[in-house]
Amino acid sequence: MSHPFPTLTAEEAAELIPHDANIGFSGFTPAGAAKAVPTALAQKAVREHEAGRDFKVGVLTGASTGASLDGELAKADAVKFRTPYQSNPDMRKSINEGRTRFFDMHLSQVQQQVRYGFLGNIDYAVVEAADVAADGKVLLTSSVGATPTYLNKADKVIIELNSYHPKQLLGFHDIYELRDPPNRRPIPISNAEDRIGSQRVWVDPKKIVGVVETNRPDEIGGFTPTSAITQKIGENVAEFLAAEMAAGRVPSTFLPIQSGVGNVANAVLGAMGAHPDIPVFQLYTEVIQDSVIAGMKEGNIGFASGASLTVSPDVLQDIYANLENYQGKLLLRPQEISNNPEIVRRLGIISINTALETDIFGNVNSTHVLGQKMMNGIGGSGDFTRNAYISIFTCPSTAKGGAISAIAPLCSHMDHSEHSVQVLITEQGVADLRGKNPEERAMSIINNCAAPEYKDLLLNYYNTAKSGHTRQSLDSAFAFHKAFMETGNMQDAKI
Ligand code: 0RQ
């Protein structure tokens, strides 16, 4: 044992945390998420509930987490509020059934809102570390996320010292905490590779009430293999970007890429790497996925910084076995830096995110199924989209075997407005919305991106809608959604 702090079992650590506490957990995606203490806390909640006592805590993280955090706490009905993002089925159910209050936040804003005191006191930080020193220097693991702020702001700190992650990770993090207004200064990053901070987070050692020793992998599932549809979307994105370069609108040295989460995003990066005219590129993104590592190995991606290293277990093992090959190529940052609008605008980042639904005018719904049920959250998509050099949204043109058109007359919930969304890409084609008015946008989206079986319905909607700057029929704007709820198929929409 190389630290002087009390060593606790996860159960002993959970016993310290009272009902109603607000907890800042490490984790940005399941990468680097606390694991043992939240599971023990869920077990404590079950015992408390069985004894007839209330037990719920506020759960703040960087982004989504793994099953032993969001899953266990949600199943135990132990979460009074959750922010800023989640993707766990049990947590999603708890939110949509109204048992957990969820507030969906732009990920770049989480740390400052905690510092400003907008989200209440942080009673505990529960943080996974690869190392902790007597002077309070904490070496984080496979993510940074909002962890530095939770460590700084929390009254008390519990460390999950996870020996699965090697101490040789020292040097892969760039920890930098912003000052608050009115004393904020420009962030001195002018190149995706710039380092501006320290390698470890310093926390007042007097706040560390215990260390729980573990050896557990991150709970990251594999990706579904690329399908014909995601492959085609990826190729369309790569073709579009290569054409932008050929036209001189993207410099020949290329620009840093931000790429969202999920299978489409993985396919897009694969297709970009394979395109003969796209040069070696860099990522300034939030989630570093498997395809980034594959792109580095193939020599297509030169550098990536992000808030987390969210790769499958075998890919992480391979990275850890060859860490020296990734020195200077991978850098993990706090989410208020990885997603910072000032830097996105300065670096000229090309953002590529996935939409759940778009409408014919280019508004995008990233979060709510049929406008009602929370899927995951807005994540970082807004941080990047609003400030990007070119903002791109991708999605398959249909969902649920064609019963849902991802392109609707009007979005049933709006996360990104027509003012921020510049390019829409499906497996059908590309709608370049730049410099277009609402009518031109509608024609471009319907003709280039909608599925063939929905084109006439959408054109019919547009042609029968009331005229004005943006043609809209308040009677049938949600006809697609109503049809799906009534018959299970949007093709039955009555326009
Ligand atoms: O449901 O699995 O039950 O069939 O929605 O759809 O196609 O698997 O999409 O995994 O790429 O995720 C927007 C959710 C897409 C994600 C979203 C149904 C569909 C399926 C999921 P089933 P896919 P993906 C950086 C950026 C917001 C955060 C973000 C996301 C399920 O990308 O959370 O961008 N984005 N962050 O069948 C009803 C529709 C539908 C629909 C699809 N129109 N209506 N259901 N589905 N379209 C990363 C971070 O911020 C951390």
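Scroll up to find the structure.
Residues numbered from 1 in each chain as written. Predicted model: local features only at pLDDT ≥ 70, side-chain atom pairs only at ≥ 80, totals over all residues. Heavy atoms only, no water.

### Overview of the site of the ligand
Thinking step 1. In the vicinity of the ligand, 23 residues are found, and the nearest of them are E286, L356, N376, G380 and K400.
Thinking step 2. G380 is positioned with one of its backbone polar atoms (N or O) 2.9 Å from an oxygen atom of the ligand.
Thinking step 3. Measuring from an oxygen atom of the ligand, one finds a side-chain N or O atom of K400 at 2.7 Å.
Thinking step 4. With the chains in place, 77% of the 1,000 Å² that the ligand exposes on its own is no longer accessible. (Near = heavy atom within 4 Å. Polar contact = N/O pair within 3.5 Å; in protein donor to acceptor, adjacent residues only side chain to side chain. Areas by Shrake-Rupley, 256 points an atom, 1.4 Å probe, with all protein chains shown as cover.)

### A few points about the pairing of strand β18 (residues 350-354)
Thinking step 1. In terms of burial, β18 is a largely internal element, four of the five residues being buried.
Thinking step 2. As judged from the three bridges shared by strand β12 (residues 257-259) and β18, these two strands associate in the parallel manner. Bridge assignment links Q258 to a residue of β18, and that residue is S351.
Thinking step 3. The pairing of β18 with strand β23 (residues 390-394) spans five bridges and is parallel. Bridge pairing in β23 links I352 to I392. (Buried < 20%, exposed > 50% of the residue type's maximum accessible area, 1.4 Å probe, protein only. Helix = DSSP H or I, 4+ residues; strand = E, 2+ residues; numbered from the N terminus. Pairing = 2+ DSSP bridges.)

### Observations regarding unusual backbone geometry
Thinking step 1. The amide bond that connects T83 to the next residue, P84, takes the cis arrangement and shows omega of 5 degrees.
Thinking step 2. Inspection of the secondary structure puts P84 in the loop between β4 (79-83) and α4 (89-96).
Thinking step 3. Here P181 and P182 are connected by a cis peptide whose omega angle stands at 10 degrees.
Thinking step 4. Backbone geometry places T29, a non-glycine residue, at a positive phi of 70 degrees.
Thinking step 5. Assignment of secondary structure puts T29 in the loop between β2 (22-25) and α2 (36-50).
Thinking step 6. In this structure, D77 takes a positive phi of about 55 degrees despite not being glycine.
Thinking step 7. Positionally, D77 belongs in the loop between α3 (67-75) and β4.

### Looking at empty space enclosed by the protein
Thinking step 1. Taken as a whole, this structure holds two cavities of 30 Å³ or more when the rule is applied.
Thinking step 2. In this structure, the largest cavity encloses a volume near 60 Å³.
Thinking step 3. Looking at the lining of the largest cavity, the element that brings in the most residues is strand β17 (residues 330-332), giving three residues.
Thinking step 4. The class makeup of the residues in the lining of the largest cavity is nine nonpolar, no polar and no charged.
Thinking step 5. Empty space within the second largest cavity amounts to approximately 30 Å³.
Thinking step 6. Taken together, Y164, P217, D218, I220, V311, S312, P313 and L316 make up the full set of residues lining the second largest cavity.
Thinking step 7. For the lining of the second largest cavity, the class distribution of residues is six nonpolar, one polar and one charged. (1 Å grid on protein atoms, 1.4 Å probe; cavity = no way out; pocket = protein on both sides within 12 Å on 5 of 7 lines; lining within 4 Å. Points joined across faces, edges and corners; volume = space filled by probe spheres on them. Nonpolar A, V, L, I, M, F, W, Y, C, P; charged D, E, K, R; others polar.)

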